[in-house]
Amino acid sequence: MFQKVLIANRGEIAVRVMRACREMGIKTVAVFSDVDRDALHVRFADEAYPIGPPPARESYLIGERIVEVAKKAGAQAIHPGYGFLSERGEFADLCAKEGVVFIGPRGDVMRSMGDKVTARQTMEKAGVPIVPGTTERLTDEALTRWVRDIGPPVMIKAAAGGGGKGMRLVKDEKELASAIARARSEARSSFGDDSLYVEKFVEEPRHIEIQILADSHGNAVHLFERECSIQRRHQKVVEEAPGNHISPELRAKMGEAAVAAAKAVDYVGAGTCEFLVDRHGHFYFLEMNTRVQVEHAITEMVTGVDIVKTMIRVAAGEKLPFAQEDLSINGHSIEARIYAEDPDNNFVPSPGEIVVYRPAAGPGVRIDSGVYQGARVTVFYDPMVAKLVVWGRDRQEAIERLRRALREFVVKGIKTSIPFHQKVMEHPVFLAGKYDTGFIDQHLAGGKGDPRPVGEDTLEARRVGFMMAAIRAYRRDKARAAAATSVASGAGSDPWKSFSRRSQMRGCLR
Ligand code: MV4
């Protein structure tokens, strides 16, 4: 087993991985950007090293620098968490080349799933049902012909896309030419790859995903499903395990499909197969996420399996410690993602200092968070401040606990999505478990929740504007501080050196 692991991430997932390491007797190494010097994940780690300025591409996304820190610190492995470098095949390749274990699948496996056209071909061969459509990159002419033959509604999707980026719904043949042109130019500018494919549009789908775990000895199991249909602009808001109205037969079939998917690509580690499930209970493979996911905790709550520890074990070459028949679902779990956003004002980001932070606790409550009272939420990173995860003997008890925990949870200084979650937990459609991916738009947009609809582009421009202003302010402050220090000490600073003294305090949380 590894003696020391570097966590190439920040926030709650970095803390979550460090907890797993500590239970396993593994020393932890944090990396941090200049705005994260006092972040919780830095305090949690045994050692911590600075890696650059706050914009992720100047710190958390610089794979070479992170591998260099790992080698310098003597870490044998790197856990990437989610986001950042977690699904970049080139980073996994770099780790392999430098003799550091990447805790996750091989780079080529990630790339084969990252390209949706390749993934659809692989799944089709493995006998996993895919959404009806094409499994080739198509020219404009071929796309047009295909849509004419099959007929709308269809989804035009970017091969390099995923998570809702670079897709276009075509409801009428008249919209087709412009949809193709826009999808192509968006894909080119976002991914540098304008390959497109087309799928039949699945109406009123539910998003059901299967968690899998696989070792390097050819064993793979699934940990049943999560239902993630409550999303807003492709951002998950509430997830539950098990899913609603999933029969034991459907569960078994989807689980077998996900395991077949994992085996088809020689998968090692934790992964998730996303499926769309239609009104009739037909399921279709959408994409595979080759990382640990935000919502992994609800699966841990109902299966009793520690997914992060298992990832580390299989990365070290150990066999899975359980077989499929050892696994079962116990009770029900729900996650509410608490974001630093204002639900009464179009969910605009609400950065700032967390002046009061009093997380919920008590029976059946688990909170995974990367903040503490007095910490700052910046615009540089994901605005999620905490995952409120509950467990109950059944769905009803889980809902009652989540309602109770939402009332207990106090966050002051920033706006949060807590009031929005309270509305979800009272909504009759949610309570009946009869919702699909249209739930928020159909039932919780409008009224006070969405005073006047603002376009996606406007919101993105606003977010980028916030970020640019923050970068300018940060650079200005830094220039001033540098001028002051050079006057005071007359010396250049070595960040490695200046940090080593403080690192003796690491891991004690004081
Ligand atoms: C679809 C679809 C309907 N039909 N594909 C959105 C995210 C990306 N992973 C795929 N997505 C969708 N693909 C076909 N052929 C509907 C969606 C979709 C969606 C999927 C899962 C969860 C929420 C969603 C919200 C809107 C659209």
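Summarised in this report is the structure supplied together with it. Note that this is a predicted model, so its numbers are computed, not measured. (Residues numbered from 1 in each chain as written. Predicted model: local features only at pLDDT ≥ 70, side-chain atom pairs only at ≥ 80, totals over all residues. Heavy atoms only, no water.)

Within the chain, the regular secondary structure consists of 17 helices and 22 strands. Its C-alpha atoms give the chain a radius of gyration of 23 Å, near enough to 24 Å, the size a compact globule of 510 residues would have. At a minimum sequence separation of 6, the contacts of the chain that also span at least 24 residues come to 66%. By element, 50% of the accessible surface of the chain is carried by carbon and sulfur atoms, the whole surface being about 22,200 Å². On the chain, the mean spot of the 73 positive side-chain charges and the mean spot of the 68 negative ones are 6 Å from each other. (Helix = DSSP H or I, 4+ residues; strand = E, 2+ residues; numbered from the N terminus. Rg over C-alpha atoms; globule rule 2.2 N^0.38 Å. Contact = heavy atoms within 4.5 Å. Areas by Shrake-Rupley, 256 points an atom, 1.4 Å probe, with all protein chains shown as cover. Lys, Arg positive; Asp, Glu negative; His and termini not counted. Charge placed at Lys NZ, Arg CZ, Asp CG, Glu CD.)

Here we take up helix H5 (residues 107-114). The periodicity of an α-helix, 3.6 residues per turn, causes residues three or four positions apart to be oriented the same way. For H5, the full list of buried residues reads Gly 107, Val 109, Met 110, Ser 112 and Met 113. Structurally, H5 contributes buried residues whose contacts are with helix H4 (89-97), strand S5 (101-102), helix H6 (116-125) and strand S13 (283-289). (Buried < 20%, exposed > 50% of the residue type's maximum accessible area, 1.4 Å probe, protein only.)

It is worth spelling out the nonpolar core at this point. Nonpolar side chains tend toward joint burial in soluble globular proteins. In terms of nonpolar packing, the biggest core is built from 107 residues, with Leu 6, Ile 78, Leu 388, Phe 409 and Phe 430 touching the most fellow members. Contact partners of Phe 430, with chain neighbours within four places excluded, come to Ile 230, Val 238, Glu 240, Ile 334, Arg 395, Ile 399, Val 424, Met 425, Tyr 435 and Phe 439. (Core = buried A, V, L, I, M, F, W, Y, C linked by side-chain atoms within 4.5 Å.)

A word on the site of the ligand. Near the ligand, the surroundings consist of 18 residues, among which Lys 157, Glu 199, Lys 200, Val 202 and Glu 287 are the closest. One nitrogen or oxygen atom from the side chain of Glu 199 is found 2.8 Å from a nitrogen atom belonging to the ligand. Within the backbone of Lys 200, one N or O atom sits 2.8 Å away from a nitrogen atom of the ligand. Here the ligand loses 90% of its free accessible area of 530 Å² to cover by the protein chains. Looking at the shell around the ligand, the elements with two or more residues in it are strand S6 (154-162), strand S8 (196-200), strand S12 (269-277) and S13. Residues that form the shell around the ligand fall into these classes: seven nonpolar, six polar and five charged. (Near = heavy atom within 4 Å. Polar contact = N/O pair within 3.5 Å; in protein donor to acceptor, adjacent residues only side chain to side chain. Nonpolar A, V, L, I, M, F, W, Y, C, P; charged D, E, K, R; others polar.)

Read across the open sheet, the three strands follow the order S7-S6-S8; overall the sheet is antiparallel. Of all strands in the sheet, those bounded by a partner on one side alone are strand S7 (165-170) and S8. Each strand of the sheet is rotated relative to its neighbour by a mean of 25°, with strand direction disregarded. Two elements, S6 and S7, share five bridges in a ladder whose sense is antiparallel. Looking at the pairing, Val 154 lines up with Val 170 of S7. Where helix H8 (residues 176-191) meets the sheet, its contacts fall on S6, S7 and S8, and the angle it forms with S7 comes to roughly 175°. (Pairing = 2+ DSSP bridges. Axes fitted to C-alpha atoms, helices over the stretch in contact; angles between N-to-C directions.)

Before going further, it helps to examine empty space enclosed by the protein. According to the stated counting rule, one finds two cavities of 30 Å³ or more in the structure shown. Volume-wise, the largest cavity comes out at about 50 Å³. In terms of lining residues, the largest cavity is bounded by Arg 232, Gln 235, Val 237, Arg 337, Tyr 339, Glu 341, Phe 347, Ser 417 and Phe 420. Contributions of two or more residues to the lining of the largest cavity are made by strand S11 (235-241) and strand S14 (332-339). Counted as a void, the second largest cavity has a volume near 40 Å³. What lines the second largest cavity is Pro 80, Gly 81, Ser 86, Phe 102, Ile 103, Gly 104, Pro 105, Ala 270, Thr 290, Arg 291, Val 292 and Met 311. Within the lining of the second largest cavity, the residues separate by chemical class into seven nonpolar, four polar and one charged. (1 Å grid on protein atoms, 1.4 Å probe; cavity = no way out; pocket = protein on both sides within 12 Å on 5 of 7 lines; lining within 4 Å. Points joined across faces, edges and corners; volume = space filled by probe spheres on them.)

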